[in-house]
Amino acid sequence: METIVLDIGETLVRDDRHWASWANWLGVPPHTLSALVGAAVAQGREATDALRILRPDMDVEEAYRARAAAGRGEHLDESDLYQDVRPALGELRAAGIRVVVAGNGTVRAGELLRALDLPADLVVTSDEWGARKPDPEFFARVAEVAGTAPETTLYVGDHPADDLFPAAAAGMRTAHLRRGPYGHWWADHPDVVERADFRVDALTELVGLALPADPAGGEEPRAARPRALRAVR
């Protein structure tokens, strides 16, 4: 692999804070909303449908803006990252692999992620591109910024319908991550088993997938790998 592209929510970032803040805004216990999110996931629905179960007439985008105006908008810091994020991304870049973070998210989410100074060549969200997964346009943009052939580009995510299937349709290799509600619930679904090139339980497994084996049966020495490309701005 020459480029690895990673989803954001429940791939790099834990969604605990996200759903707890929505529960607080709606005035319900966090476990109530979490249970409804789980039910939506199990039914193959969007997780945001859980909000509409609580408030059927809710306009989620309008509510998001109201929260931000009230000073209760998005927040993201180091504690929201899964513990394997920095070690895995750092190891990939040290191996000369281009690392791109590209997933669904707001402009504000992109700003917050870049402020964390992750070991990545590019961090971008769907709202910044004006295309949201699983739209093929999103993956066309991924292919553009990857700068490598689709067959040497690996897209990593937890959501089969949003991550794996459209990335595969764009000609990329795919890795399903068993993480978060979607990742765990759909991990052993026949379509995921059949169509994902790889299935992993942690991001630290990625470097082993990306580096080719040497003739002796081990990984190619890192010193022999080309250095990572500069970030695309």
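To be clear, the structure that these remarks concern was listed above.
No experiment lies behind these values; they were computed from the predicted model shown.

Enquirer: Which parts of the structure should I look at to understand the pattern of salt bridges?
Expert: Working definition: two side chains of opposite charge can pair if their charged atoms are close together. Here the structure, examined in full by the defined rule, presents 18 salt bridges. The partner of D49 in a salt bridge is R45, with the nearest N and O atoms 3.3 Å apart. Its salt-bridge partner being R173, residue D197 comes within 3.5 Å of it at the nearest N-O pair. Of this pair, D197 sits in the loop between α11 (190-195) and β6 (198-200) while R173 sits in strand β5 (residues 173-177); the two residues are 24 residues apart in sequence, bridging distant segments of the chain. In the salt-bridge network here, residues are joined through shared partners; they are R178, D188, R199 and D201.

Enquirer: Sorry, what's going on with the packing of aromatic side chains here?
Expert: Both the distance between ring centres and the angle between the ring planes are used here to describe each pair of aromatic rings. Considering all chains together, one arrives at three aromatic pairs under this definition. Between the aromatic rings of W129 and F138, the centroid separation amounts to 5.2 Å while the plane-to-plane angle is 65°, which identifies the pairing as edge-to-face. Pair check on accessibility: W129 and F138 agree, each one buried. Ring centres of F138 and F139 lie 5.2 Å apart, and the angle between their planes is 70°; this geometry places the pair in the edge-to-face category. Accessibility assignment for this pair places F138 and F139 in one class, buried. Taken together, the ring pairs in this structure connect W129, F138, F139 and Y155 into an aromatic cluster. Its end group placed over the ring of W22, R67 keeps NZ or CZ at 4.5 Å from the ring centre. A cation over a ring is seen here: R195 above F165, with NZ or CZ 4.1 Å from the ring centre.

The rules we used
- Residues numbered from 1 in each chain as written.
- Predicted model: local features only at pLDDT ≥ 70, side-chain atom pairs only at ≥ 80, totals over all residues.
- Heavy atoms only, no water.
- Salt bridge = Lys/Arg side-chain N within 4 Å of Asp/Glu carboxyl O.
- Helix = DSSP H or I, 4+ residues; strand = E, 2+ residues; numbered from the N terminus.
- Phe/Tyr/Trp six-rings, centres within 6.5 Å; stacked < 30°, edge-to-face > 60°.
- Buried < 20%, exposed > 50% of the residue type's maximum accessible area, 1.4 Å probe, protein only.
- Lys NZ or Arg CZ within 6 Å of the ring centre and 35° of its normal.

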